[in-house]
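Letter by letter, the chains look like this.
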Amino acid sequence: MKKRIIDKLFNVKEFVNVCVDSPRESKNVIPAQDAANLLEGKYFCINPLKEGSSRKQLNLTARRNILIEFDADSLERQWNIIRDRKIPHDSVQW
């Protein structure tokens, strides 16, 4: 599942920030192809960053992914919202 999500969000030659110890960690920018091994229970940027950079807007190389988070609604209600509003979705994590 983790590799599939990384493959959907990033190209092979892109870089991603993965927070290993803290969600505030910003300097762990690694090749996307290596990120899947670190994702278990961790935070990561959903858009690619420049190699050797930190997690800041000015270091983004593309803005093509968005994160929509539902915390209170049932799964059925969440899917209804996604379907009714025609929200494109390539990657879904439960």
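Up top is the structure these notes are about.
Residues numbered from 1 in each chain as written. Predicted model: local features only at pLDDT ≥ 70, side-chain atom pairs only at ≥ 80, totals over all residues. Heavy atoms only, no water.

## So, the environment of Asn59
- One can find Asn59 in the loop between β3 (43-44) and α3 (75-84).
- In this structure Asn59 comes out as buried when scored by relative accessible area, which is 9%.
- Each C-alpha atom of the pair Asn59 and Pro48 lies 8.5 Å from the other, and the pair is 11 residues apart in sequence.
- Excluding residues within four positions of it along the chain, Asn59 makes contact with Pro48, Leu49, Lys50, Ser53 and Ser54. (Helix = DSSP H or I, 4+ residues; strand = E, 2+ residues; numbered from the N terminus. Buried < 20%, exposed > 50% of the residue type's maximum accessible area, 1.4 Å probe, protein only. Contact = heavy atoms within 4.5 Å.)

## Here we look at the pairing of strand β1 (residues 15-19)
- In terms of burial, β1 is largely enclosed, as five of its five residues are buried.
- Here β1 shows a buried face lined by Phe15, Asn17 and Cys19 and a second buried face lined by Val16 and Val18.
- Looking at chain direction, β1 and strand β2 (residues 29-31) are connected through three bridges and run antiparallel. Of the residues in β2, the one forming a bridge with Asn17 is Val29. (Pairing = 2+ DSSP bridges.)

## Quick look at the environment of Lys13
- In this fold, Lys13 is placed in the loop between α1 (2-9) and β1.
- Of the residues examined, Lys13 reaches a relative accessible area of 77% and is grouped as exposed.
- Between the C-alpha atom of Lys13 and that of Leu38, which follows or precedes it by 25 residues, the distance is 17 Å.

## Overview of the side chain of Asn17
- Mapped onto the fold, Asn17 is located in strand β1.
- What Asn17 contacts, discounting residues up to four positions off in sequence, is Glu25, Ser26, Lys27, Asn28, Val29, Tyr43, Phe44, Cys45, Leu49 and Arg55.

## Concerning the sheet that holds β1
- Read across the open sheet, the three strands follow the order β2-β1-β3; overall the sheet is antiparallel. The outermost strands of the open sheet, each flanked by one partner alone, are β2 and β3.

Honestly, that's just the spatial picture; any functional story needs more than this.
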